[in-house]
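Structural overview for review
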Amino acid sequence: MAPLLHRAEAIVSIQKTYADGHVSARHSHDRHQVIYATTGLMMAETETASWAVPAGYGLLMPAGTGHGTRFVGKVRLQSLYVRPEALSSVFDTCRIVSVGPLLAQLIAAFCAIAPGAEPARAHHLSSLILMELAAASTSALTLPYPRDGGLRRVCDALMAQPAQAPHIDRWADDIGLSRRAFTRNFRDQTGLSFGQWSQRLRAQRALQALAAGQPKAAVAHDLGYGSASALNAMMRRLMPEAL
């Protein structure tokens, strides 16, 4: 991969298929990366957050950011590597974007061109891809981690048992905070309310279980929802394009 990433083009691409359960250890790149899965589910994690990236979405990873990935189901990736000077504002933070039909077709066409071949066409496609990335909408599948040790312990406990009800008073008492201090600090450090964070955690776990082939009714029960339709309603609010 290294020789490819050192090419002069603003964007280079790699297509690869990963088997279910494949794990990529923590690593980083000198280029920004668009990690786009056309099939399966990719889970990614940095020191500050985790992401669930289903088919039809792409993860924007800024250059130099250490990240590990894990694949659920057979995952086909079309990864783009973007020079840091290109669209730096788009890659100012890790985020998931919706890959609509036009952007998906542009990426597929670009990935089909061999490195160094059809330079004029590759240049025009890459320019269009950068324009569409700048316009892509951000998905709510990011799960940011709080910096505070006490708040992080609460999040770790919920991640171990995501069906637990997010009772703020109980969790606040467990780490020695008032309800008001807990909710204020949690939002300040994650950008989300505790309830929103818990909902995103359940959405991530639901995506993993469904990608692994578990029945939706069983997934809903395991995550504390009364029915598959209740789980559907929650996930539709977070990722309407995918459902």
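Up top is the structure.
Everything quoted here is computed from the prediction, not taken from an experiment.

1. Examining the environment of Ile168
Along the chain, the position of Ile168 falls in helix H5 (residues 168–174). Ile168 sits in the buried class, given a relative accessible area of 16%. The spatial distance from the C-alpha of Ile168 to the C-alpha of Val99 is 35 Å, given a sequence separation of 69 residues. Not counting residues up to four positions away in its chain, the partners in contact with Ile168 are Arg179, Phe182, Thr183 and Phe194.

2. Here's the deal with the pairing of strand S3 (residues 32–45)
With ten of its 14 residues buried, S3 lies for the most part within the structure. Direction of pairing for S3 relative to strand S6 (residues 67–82): antiparallel, over a ladder of twelve bridges. For Ile35, the partnering residue across the bridge sits in S6 and is Ser79. Here S3 runs beside strand S5 (residues 57–61); their pairing, made up of four bridges, is antiparallel. Counted as the bridge partner of Val34 is Leu60 from S5. Here five bridges tie S3 to strand S4 (residues 49–54), and the two strands are oriented antiparallel to one another. Paired with Leu41 across the strands is Pro54, a residue of S4.

3. Description of the pattern of salt bridges
One pass over the structure, following the stated rule, counts four salt bridges. For Asp156, the salt bridge goes to Arg152, with nearest N and O atoms at 3.1 Å. Remark: Arg152 and Asp156 occur in helix H4 (residues 149–160); sequence separation between them is four residues, near one turn of the helix. A salt bridge links Asp174 to Arg170; its shortest N-O distance comes to 4.0 Å. Placement of the pair is Asp174 and Arg170 together in helix H5, with a separation of four residues, close to one helical turn. For Arg170, a relative accessible area of 38% gives the class partly exposed.

Conventions used here
Residues numbered from 1 in each chain as written. Predicted model: local features only at pLDDT ≥ 70, side-chain atom pairs only at ≥ 80, totals over all residues. Heavy atoms only, no water. Helix = DSSP H or I, 4+ residues; strand = E, 2+ residues; numbered from the N terminus. Buried < 20%, exposed > 50% of the residue type's maximum accessible area, 1.4 Å probe, protein only. Contact = heavy atoms within 4.5 Å. Pairing = 2+ DSSP bridges. Salt bridge = Lys/Arg side-chain N within 4 Å of Asp/Glu carboxyl O.

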